[in-house]
Amino acid sequence: MSHSASSTFDRWSGGTCPFDAGWRKVMMWWFIVTDGLLFAGFLAAYGYARLLAFHWPDQAEVFSLKYIAAMTFVLISSSATMATAVDAARKGARSTALRFILLTAAGGAIFLGMQAYEWSHLIAEGARLNANPWGDAAFGAYFFLLTGFHGTHVLTGVIILATTAIRTAMGRTQAEGVEMAGLYWHFVDLVWVFIFTLFYLL
Amino acid sequence: MKSYWLTWLILLVFTVVMLWADSASLPRSAFVVFMLAAMLTKASIIGANFMHLRFERATLALTVVVGLLVTATILYVLIAPDAARIHEMAGTYGPR
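Please read these numbers as outputs of a predicted model, since none were measured by experiment.

Quick notes on the rules
Residues numbered from 1 in each chain as written. Chains lettered and ligands numbered in written order. Predicted model: local features only at pLDDT ≥ 70, side-chain atom pairs only at ≥ 80, totals over all residues. Helix = DSSP H or I, 4+ residues; strand = E, 2+ residues; numbered from the N terminus. Buried ≥ 20, exposed ≤ 12 C-beta atoms within 10 Å, placed from the backbone. Contact = placed C-beta atoms within 7 Å. Core = buried A, V, L, I, M, F, W, Y, C linked by C-beta atoms within 7 Å. Nonpolar A, V, L, I, M, F, W, Y, C, P; charged D, E, K, R; others polar. Expected span 1.5 Å × (residues − 1). Axes fitted to C-alpha atoms, helices over the stretch in contact; angles between N-to-C directions. Parallel < 35°, antiparallel > 145°, perpendicular 65-115°, else oblique. pLDDT = per-residue confidence, 0-100.

On to the overall build of chain A, then. A tally of helices and strands in chain A yields seven helices and zero strands. Listed N to C, the secondary structure of chain A is α-α-α-α-α-α-α in terms of helices and strands. Considering only C-alpha atoms, chain A reaches an extent of 65 × 45 × 20 Å along its principal axes. Out of the 202 residues belonging to chain A, those deemed buried represent 39%. Across chain A, the fraction of contacts at a sequence separation of at least 24, relative to all contacts at a separation of at least 6, is 73%.

Given below as structure tokens:
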């Protein structure tokens, strides 16, 4: 047996991890995959509704795309601050990590505030789960479903970040804990890339 | 740390270009292809650089990426033709 075949066999023979990662990270990745599939299901259902619709509203008439772009800017920026926090935590720079975790949480809170404003604005204009003034009824349902489910993830992320910040300030979080919070936060950003493109732009 | 802010800049440039494409009067098929390509590129950049998948062992990266992409593709490929068929039938027999 060659060396590479032997080492592959060793990795899969039990007792060692084929992914060469800690159990926390592997579990976080499994969570991300399953949660990602949930969003994939929602987006597939949205695509289905869109194909069925006789009159899907023109997004440019319903949304202010500049406003949605600003929300995207906030979320992308918060992902960069989170990556910086993870990097600082790995290097043992606790105060820098804490500062960037707090910046990330602030970015998440700003995003949520902007989304709340967008929701209240559209509700005032007549958007409902089962009806809306612009076109096919499914439009309102999928708008609230997709952005609401994503917003819930952002809210959860802000809570996780606040907890991580408190624990970091107390010196009770290891670098891996900050990395796990970071993985979740980047996943929230990743999902927004799909929602932004498929729901708001296409 | 520098590479994270470079990634941030690249993502912003992609977002601005996507918004420009939305306002430009591109043919619909070219617009859709461009948007899907830009979306997948942005997602790959986030996964590779922010989520550090490019530094992980290939078995982990492949399990995550292939698992997600294949299952999501199955969802679209199996559902979309069905939706198109129903759409066609609705067109034949009138609105719901």
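The structure having been displayed, the exposition proceeds.
Once that is clear, we can look at the overall build of chain B. Along its length, chain B carries three helices and zero strands. Reading chain B from its N terminus to its C terminus gives the helix and strand order α-α-α. Here chain B holds 96 residues, and 10% of them are scored as buried.

With that settled, the discussion passes to the nonpolar core. In terms of nonpolar packing, the biggest core is built from 61 residues, with Ala85, Ala97, Ile101, Tyr184 and Val191 of chain A touching the most fellow members. Contributions of two or more residues to this core are made by α2 (23–52), α4 (65–90), α5 (94–124), α6 (138–169) and α7 (175–201) of chain A together with α1 (2–23) and α2 (28–50) of chain B. Looking at which element gives the most residues to this core, the answer is α7 of chain A, with 18 residues. With residues up to four places along the chain from it excluded, the contact list for alanine 97 of chain A reads Ala85, Ala88, Ala89, Thr168 and Val178 of chain A.

On to the interface of chain B and chain A, then. Across the contact, 38 residues belong to chain B and 36 residues belong to chain A. Elements with a contribution of two residues or more to the side of chain B that touches chain A: α1, α2 and α3 (58–93) of chain B. The element contributing the most residues to the side of chain B that touches chain A is α3 of chain B, with 15 residues. Looking at side-chain class alone, the side of chain B that touches chain A contains 27 nonpolar, seven polar and four charged residues.

A separate point is α1 of chain B. With 22 residues, α1 of chain B ought to run about 32 Å at 1.5 Å a step, and its terminal C-alpha atoms sit 32 Å apart, in line with that. Against α4 and α7 of chain A together with α2 of chain B lie the buried residues of α1 of chain B.

On to the packing of α7 of chain A against α2 of chain B, then. Contact pair α7 of chain A / α2 of chain B: the axes reach a minimum separation of 10 Å and the direction vectors enclose 175°. The angle between the axes of α7 of chain A and α2 of chain B places the two elements in the roughly antiparallel class. Across the interface between the two elements, His186, Asp189, Leu190, Val193, Phe194, Thr197 and Leu201 of chain A from α7 of chain A touch Met35, Met39, Lys42, Ala43, Ile46, Gly47 and Phe50 of chain B from α2 of chain B.

The next subject is α6 of chain A. Helix length check: α6 of chain A, at 32 residues, gives a terminal C-alpha distance of 46 Å against a target of 46 Å (1.5 Å per residue), a fit within 8%. The positive-phi residue at the C-terminal boundary of α6 of chain A is glycine 171 of chain A, with phi of around 75°.

Overall, the prediction assigns chain A a mean pLDDT of 90, with 92% of residues at 70 or greater. Averaged over each element, pLDDT in chain A is lowest for helix α1 (residues 3–12) of chain A (58) and highest for α5 of chain A (96).

Turning next to unusual backbone geometry. Residue and element names in this part refer to chain B. Although it is not a glycine, histidine 52 adopts a positive phi angle of roughly 60°. If you trace the backbone, histidine 52 turns up in the loop between α2 and α3. Among the residues examined, histidine 52 registers 18 C-beta atoms within 10 Å and is labelled partly exposed.

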